[in-house]
Amino acid sequence: MSQQHGPYRADIVGSFLRPDSIKQARQQLASGDITASQLREIENDAIRHVVQQQCECGLHVVTDGEFRRAWWHFDFFDGLQGVERYDSDKGIQFNGVQTKAHGVRVTGKLAFGDHPMLEDFRYLKSISGNAEPKMTIPSPSVLHFRGGRKDIDARVYPDLADYFADLATTWRDAIQAFYAAGCRYLQLDDTVWAYLCSDDQRRQVRERGEDPDELAKIYARVLNKALEGKPDDLTVSLHVCRGNFRSTWISEGGYEPVAEILFGTVNVDAFFLEYDNDRSGDFAPLRFIRPGHQQVVLGLITTKNGELEDPEGVKARLREAAKYVDLKQICLSLQCGFASTEEGNSLTEQQQWDKVRLVTDVASQVW
């Protein structure tokens, strides 16, 4: 494995709490008090600062905190050809809280095109110094799973096989385009694999007439198709997330129902896995991680609250995981981002950085 382009022994998932400067600037843009280019300058300043803070915590990998986005996924989908956003009847139901009501639907042929986020990455790369700039984008399965057939125009895609083929090509083009922009570490964020581990979510899939096990196979094929021809010096990781909105979650259940297909057949370089609480199940599914090349990045430190984990407890869990997969193939990270949506999780910026330091401290002691 080329350790040079990630994953790193101490790694991060991507998003950070939005500073007040950005929250205020967004409101000013909405009310017409500043222009889009003025907002971008304010974002640039905040991103420079957050990159510096990540480096000060001892990280060798940095992101732009997803500061230019309102959502971890919709902003990316908005930039694709053939996709339009709409206001849905209701938001996505988390544990006790709903998001704003947004959905996306496919109304034309899918394509990557000249995506605005390429410019966002170029800016991050220009200021990242000696640290590795990591880009995060949603995984292709996320575009299909939430709405399924009903959100794909049947006149454009009468046969879903054509849709899945275009979905894979769109992401393959995305991977190549970010590579051409200088990206060597790309992360696909994927909530769907966690949903396919949840009895409740699997029931909902069956109720809408789809087979969750068949979907898992389709998504694995789409991912592998997207990864075909990936350059050797590009690391692509997959972050499996159970939902993260204002410190709440959607799905629960261990990785066992999908472990064999996901770890055994999907050709990413690394899996970022949430393991911050009992909802994540035990480490036994890690036995399917392929020996040698693939890395597993364990999210043992939660971003959902500010309470600091005991470093000895984290080390003990790393030892426990090493019963199923070689410690050389294990890395440590936060369980998720701190702000999958612009609202952010329920903790302070100080607590956020204390968590990041905990990751780098423990990793330096273990490895």
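In this report, we go over the structure that sits alongside the text. Model, not experiment: these values are computed from the prediction.

1. Here's the deal with the overall build of the protein
In step 1: The helix and strand inventory of the protein stands at 12 helices and 11 strands.
In step 2: In terms of principal-axis extent, the alpha carbons of the protein reach across some 55 × 50 × 45 Å.
In step 3: Relative to its 367 residues, the protein shows a buried fraction of 60%.
In step 4: Counted over contacts in the protein with a minimum sequence separation of 6, partners at least 24 positions apart contribute 78%.

2. With respect to the pairing of strand β11 (residues 330-334)
In step 1: Taking burial as the measure, the 5 residues of β11 include 5 buried ones, the bulk of the element.
In step 2: Direction of pairing for strand β10 (residues 295-301) relative to β11: parallel, over a ladder of 5 bridges. From the neighbouring strand, Val296 faces β11, where its bridge partner is Ile330.
In step 3: Taking the sense of rotation as the criterion, the β-α-β connection linking β10, helix α11 (residues 311-321) and β11 turns out right-handed.

3. Quick notes on the layout of surface pockets
In step 1: Computed from the structure, the second largest pocket encloses a volume of approximately 210 Å³.
In step 2: If you go around the second largest pocket, the residues you meet are Leu29, Ala36, Leu39, Arg40, Glu43, Arg68, Arg69, Asp75, His115, Pro116, Met117 and Asp120.
In step 3: Mapped onto the lining of the second largest pocket, the elements with two or more residues apiece are α2 (36-56) and α4 (117-127).
In step 4: When residues in the lining of the second largest pocket are grouped by element, the largest group, 4 residues, is from α2.

4. Comments concerning the side chain of Ser139
In step 1: Among the structural elements, Ser139 can be located in the loop between β6 (135-138) and α5 (140-145).
In step 2: Here Asp190 takes part through its side chain, which lies 2.7 Å from a polar atom of the side chain of Ser139.

The rules behind these values
Residues numbered from 1 in each chain as written. Predicted model: local features only at pLDDT ≥ 70, side-chain atom pairs only at ≥ 80, totals over all residues. Heavy atoms only, no water. Helix = DSSP H or I, 4+ residues; strand = E, 2+ residues; numbered from the N terminus. Buried < 20%, exposed > 50% of the residue type's maximum accessible area, 1.4 Å probe, protein only. Contact = heavy atoms within 4.5 Å. Pairing = 2+ DSSP bridges. Right-handed = clockwise from strand over helix to strand, strands pointing away. 1 Å grid on protein atoms, 1.4 Å probe; cavity = no way out; pocket = protein on both sides within 12 Å on 5 of 7 lines; lining within 4 Å. Points joined across faces, edges and corners; volume = space filled by probe spheres on them. Polar contact = N/O pair within 3.5 Å; in protein donor to acceptor, adjacent residues only side chain to side chain.

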